[in-house]
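Okay, here's what each chain looks like letter by letter:
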Amino acid sequence: MLERASTCLESGGRQLFRAPNPCLRSRRKLHSTFWHHGASHLSLPLWWAINPTPNGDADQPATSAADAAPLDFLYPEKTLALLRRLSVRTDAASDARRQQLHRPTIRGYATARRTDHRLGSAALEAGGDALNAVDAVDAAEAKEAKREMHERLMASSAHESLGELLRRKEPGKQELAWQLYHALPAQGSSGTTPDLLLPLLEYLSADNEPAVPTRIIRLFDQLPDAARTASSYRAVIVAHVALREIGPAVSLHRTAAKGGRFVENEHHVPDIGTGVLLRRLVADEQWELALRVYSTYVADHRFSIDRQRTTYRIRWGQATLPEIWTEAAHLPEIQEHVRSLLVYSRQHKDELMSTPKKKMIFYTFVQSFLPHVMDRLLHVRKPNEDEIWDWFTKLFEDLHAQNIPVDASYNYAITAMLRLDRYRKYTNQRKIHLELYRRYRQWYLYDRVDDPDFKTWPPQLPMLSLVLSNHGTHGSLHRVHDMVHDIRTFYPNKPLPPNILGALLLIFAEHGDVQRVNEYFDEFSASQGKVDPKQANSLLYVQARRGDVPGALAVFRRIREDLGFTPDVQMWNTLLLTYVRADDLDGALETFNNALDAGMEPNEHTFGPMLDMCANRGDIEAFEALYSRAKQMQIALDNDVRARSGYVQAFLNAEDADGAEEIAQGMLKQWKAGALTGHPLTHTWNIMIQYYALRGDVANSRRLYREMVDNKIPLDSITFASLMRSLIEIKQTNAAYKILRVTLPANRMRVEAIHYAIVMTGFLKEGQYDLALETYERMVERNVSQTISSRQASINTVGMAELVRLLKVKNRKPRQHLQHVERLLRDMLTEGDVGQDVAHRQPNHNRYIDAHTQSIVPASYYGLLITLYNTRGAYKICKELFAKAEATMKPSDFDAPTTFLTAVMEAHYRAKEWDEVQKCWDLIRESSSKLIKTFQQVMNPAPEPPESPSLTDGVVIQRFEESRIALNRRQVIVKATRIYIRSLINRNPKKNPTNKLLQQAQLTIRDLLVNGFVIDNFTWNEFIVALAQNNQLVSAFTIAETYLMPRFPGWRNLAPFYVRHDRKGYQWMELRHYDVKRNSVLPRYKTLVVLAKALADVKEDERNGVGYVEREVKWAREILEEKAPSVCRAVETMPRTHDEMQERYFGNQRGVRY
């Protein structure tokens, strides 16, 4: 039947494909892949379809009966030999066969002759044709090995050549080593000694997949028992595993591990092939044999670790045996194997749990195997977090369902995740390590059922410390408190460990929580009996983060006097940082000099804060001087990115953007070349983007952003905050709000308080109070950690929303309280320590510069509320707020905040309390002098101001231009100056002569100019109008000529037929929106109208013969035209519009012309 079937198939195939030769070929010459017979319905292995490629060797044994093809007696001899050559010894093939779970049960009948693998090479080579077909070595490889062998034998003997090859361990030369071994003399040669056989065995089994496993077996058999080592047993186990002879491999492994014969001490763990054997067993999912091998290993070969039983160490989560599980963990489908292990556990639960010993072996088997599978799943190039989430959650659900202990697995999984950067970084996605910790805590505290045979240990402290530190890094202080509570619950009646107490000190010191720092410092001292300078410095660092100089000085004295420590360089640096954060230049310089006098050796952390202070003030000369001094003291700052970025910031604050960008490009080149270390260039580009953003220059902001993307400079949340700032400056707050809602979450960046503050401020500027309130509610809903900027924006948002509501209901009662904003402020001051609001590392959103000390925080909040009430004229309520604000300020505070004093001054101005306005002005002048001071002013104080009160004196202008104050801080008291000058102008002339007050205002302005302060446009125009209206025309015209007219754009030149009578007066000026900057000083329309009216009166008097100045021998008109020609020309060419302003001052006069 078989003969006819084969013939019919061949003849039918030839007719079907129309072969040119219709002759009948012998079936013996037909390729076995197309040869069919009566047994073709059987389920054949997967390798049946693999192309026949020679992968055998001259010494490969015949296939055993268990591994032979079903009903192999039906096959011809050469066909059987070919099938054996097609056998593929790989894990993939094994897995494919294993996955055929539902194939029909077949009884395997096999009559293949088993060849003894202990036969010598001569006996194997003397075999028949079938044996040669099975054991044939790749001809090309063998030929190349023989050629190379002859070349080496020409230079040295076979023994020397083989020894050199084994010593060098050249990869891929196993066939050459075998040929050289056979070239050794057969009898009485040293080549058969263990000294050569042992390294040869190691070399032939180096890659765990020997080409000819039988060679290794024969060499091992030649070794006497006494000469066999752990490496030789590993080699022969590798060979048996390659031949799929699991039984001999397990037997040899048991022999090698018996009594720990090769273990010299517990730290010496020789490899006896356990990992290779377990890899094969896990791949075949032979869990019973795997448990046997594992039991032999932990019971005999590695009985103890650090004087404790290995099984106990594994059970406690202190050992995972990577030497036996690393290879198994790298199997292609390791997750499926783990699922198979859990299925096996469920099916054989009674047997596995029958005795405490078996239970311990199985538990530790699982607990030592799973960590390596977890590492394999976590350490991938492109992780799929959804798959990781599903696998881990399903794994622990199965472990819980089968009551397999999970404590060690939970500890390892959470620890392994928190050691990876991607889990330590912030993400707005679900966090698998937090979910695992939640389940672990739930299981241990509530769902755990203790096994009487095994003690369940609480969560390990190293893992808890990692989770706590991760929460602290991201500012989740409420989670930190929860973790502390959990640790005390897990370990009752025990103090917190020193490492956790140290982490808590750093976390709360970073966030400026003085109470918590003192609490944990006392606990550390009580539990440990002593503290070291590192813990003592935490007491000082928390004060530095708050900018609390009095508090830092008190702690510094406590460290020296009470704790008995001599301040080291770290403590001096922290004290110096306190003065820098408080913006106290005098104190910083004094501390720096005191530290040097005390013998401190400065480092980069000493010069860093000082350089930052220079950069913040735009003091380039002082920055360069300090930088040079650091280099002279051998302090490496050239390669420090943060120090170099301070140089960029110094140029920006000095209004030299081109120089700053040139420095940044040089840093970029060095960064690409690897010359800069530490932080990336993100901060450098962020401050440049923010510089242009504050000026509404969106084009340059976007250009710098594209540079960051093109040069692969990492982006952060501050980068997007700077872009948002540029958008609100051009009234595109909706686009900035979209960045907050969409862009930041899409880039997995944290939306911080600075982003909400920017958006709320932008909506308030645009009058979109409902959207500002929506942003505030969104921030509150998400429990965002607050800063002083976000709290101030919240006060303004809630306050303006309430003012608009009162306006809509037409409630103009000045005694009406703003209940919502008052409640908000009360909550801010009572819910926590307000000093923490200045301890953050986010940039400040406010334009007004103030000292960043914790003492000013409540007063600054009250100042905003007072400003809101000022808009309603609620002076009595403002007085109540004055008292509350003063109660929050300690007597030891250096100065009241400028913003608060400005708000108080405005309230007194509206109430016409001129003496109180004067007191506020004196306090503001005193406090502002510290904010604008530079190193140059400290070293070289400015000379006395000129005696002349004239504002047009060349000395005044020269002193203003050469002033050494911080260029970016000249405007710090602009609003206060405006209020004070208005108070002098608008006082009751009956009690205070107007001319005297104007003289006082002129001296005040001169003093401000001499000291380098900027006078804003409103103040100049109002002062000039006051001079003109009080008949001080020469002063009014000359001051206008000097300070206003240089930037006057002129009047629009319109055709007569295109004259529009619906325009406002200022719209007749040749102005564009981009011409008017925030710091522009130019004449207002009202000022020119008043000056025009004054000039018209002078001309009228001249026509009437009045106004001749004998001392000058000129008419008043001639004097004005001589000293202020631009002003006269501007008022003479002013268009006549008959608008309200001109009608008010000119009436029906014809003094104004086109």
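Keep in mind that this is a model prediction, so the values were computed, not measured.

Asks: Just give me the short version of the packing of helix H16 (residues 322-329) against helix H19 (residues 356-378), but keep the residues and values in it.
Replies: One way to put it is that H16 packs onto H19 with a least axis distance of 9 Å and a crossing angle of 50°. Looking at the two axes, H16 sits oblique to H19. The hand of the H16/H19 crossing is right-handed. Contacts between H16 and H19 involve Pro-322, Trp-325 and Ala-329 on the former and, on the latter, Phe-365, Ser-368, Phe-369, His-372, Val-373 and Arg-376.

Asks: Tell me about the side chain of Lys-359, residues and numbers included.
Replies: With respect to the secondary-structure elements, Lys-359 resides in helix H19. When neighbours within four sequence positions are excluded, Lys-359 is seen to be in contact with Leu-352, Met-353, Asp-451, Asp-453 and Phe-454.

Asks: Describe the environment of Met-353, and please don't skip the residues or the numbers.
Replies: Its location among the elements puts Met-353 in the loop between helix H18 (349-352) and H19. Linking Met-353 and Tyr-363, residues 10 residues apart in sequence, is a C-alpha distance of 9.6 Å. Beyond its immediate chain neighbours, meaning those up to four positions away, Met-353 contacts Lys-359, Phe-362 and Tyr-363.

Asks: Can you explain the pattern of salt bridges? Please cite residues and give values.
Replies: Pairing is possible between side chains of opposite charge, provided their charged atoms come close. Enumeration according to the criterion identifies 50 salt bridges in this entry. A salt bridge links Arg-441 to Asp-486, with the shortest nitrogen-to-oxygen separation between them at 2.8 Å. With Arg-441 in helix H23 (residues 432-447) and Asp-486 in helix H25 (residues 477-490), the pair connects residues that are 45 residues apart, well separated along the chain. For the salt bridge of Glu-1122 with Lys-1114, the shortest nitrogen-to-oxygen distance reads 2.3 Å. Residue classification places Lys-1114 among the partly exposed residues on the basis of a relative accessible area of 26%. Here the salt bridges share partners, and the residues they tie into one network are Glu-148, Arg-152, Glu-170 and Lys-173.

Asks: Which residues make up the nonpolar core, and what are the values?
Replies: Among the nonpolar cores identified, the biggest contains 314 residues, and Trp-325, Phe-392, Leu-468, Trp-1020 and Phe-1037 are the most heavily contacted of them. Take this core: its biggest share by element is 12 residues, from H19. Beyond its immediate sequence surroundings of up to four residues, Trp-1020 is in contact with Leu-951, Ile-1005, Leu-1009, Ile-1015, Ile-1039, Tyr-1043, Leu-1044 and Val-1081.

Asks: Explain helix H50 (residues 974-985) to me, and be specific about the residues and the numbers.
Replies: With 12 residues, H50 should reach 16 Å at 1.5 Å per residue; the first-to-last C-alpha distance of 17 Å fits that figure. Among the residues of H50, Val-974, Ala-976, Thr-977, Ile-979, Tyr-980, Ile-981, Ser-983 and Leu-984 are the ones counted as buried.

Asks: Requested: an account of the environment of Glu-288, with residues and values cited.
Replies: With respect to the helices and strands, the residue Glu-288 is situated in helix H14 (residues 287-301). Relative accessible area serves as the criterion here: at 42%, Glu-288 is assigned to the partly exposed category. Sequence-wise, Glu-288 and Leu-352 are 64 residues apart; in three dimensions their C-alpha atoms are separated by 9.7 Å.

Asks: Could you give an account of helix H38 (residues 717-729), naming the residues involved and the relevant values?
Replies: Over its 13 residues, H38 runs 19 Å from end to end, which matches the ideal 18 Å to within 8%, given 1.5 Å per residue. When you tally the buried positions in H38, you get 13 out of 13 residues, the bulk of the element. The distance from a side-chain oxygen at the start of H38 to the backbone nitrogen of Ile-718 is 3.2 Å, and the residue carrying that oxygen is Asp-716. Immediately downstream of H38, the backbone of Lys-731 shows phi near 60°, a positive value.

Rules and cut-offs
- Residues numbered from 1 in each chain as written.
- Predicted model: local features only at pLDDT ≥ 70, side-chain atom pairs only at ≥ 80, totals over all residues.
- Heavy atoms only, no water.
- Axes fitted to C-alpha atoms, helices over the stretch in contact; angles between N-to-C directions.
- Helix = DSSP H or I, 4+ residues; strand = E, 2+ residues; numbered from the N terminus.
- Parallel < 35°, antiparallel > 145°, perpendicular 65-115°, else oblique.
- Left-handed = near helix turned anticlockwise from the far one by under 90°.
- Contact = heavy atoms within 4.5 Å.
- Salt bridge = Lys/Arg side-chain N within 4 Å of Asp/Glu carboxyl O.
- Buried < 20%, exposed > 50% of the residue type's maximum accessible area, 1.4 Å probe, protein only.
- Core = buried A, V, L, I, M, F, W, Y, C linked by side-chain atoms within 4.5 Å.
- Expected span 1.5 Å × (residues − 1).
- Polar contact = N/O pair within 3.5 Å; in protein donor to acceptor, adjacent residues only side chain to side chain.

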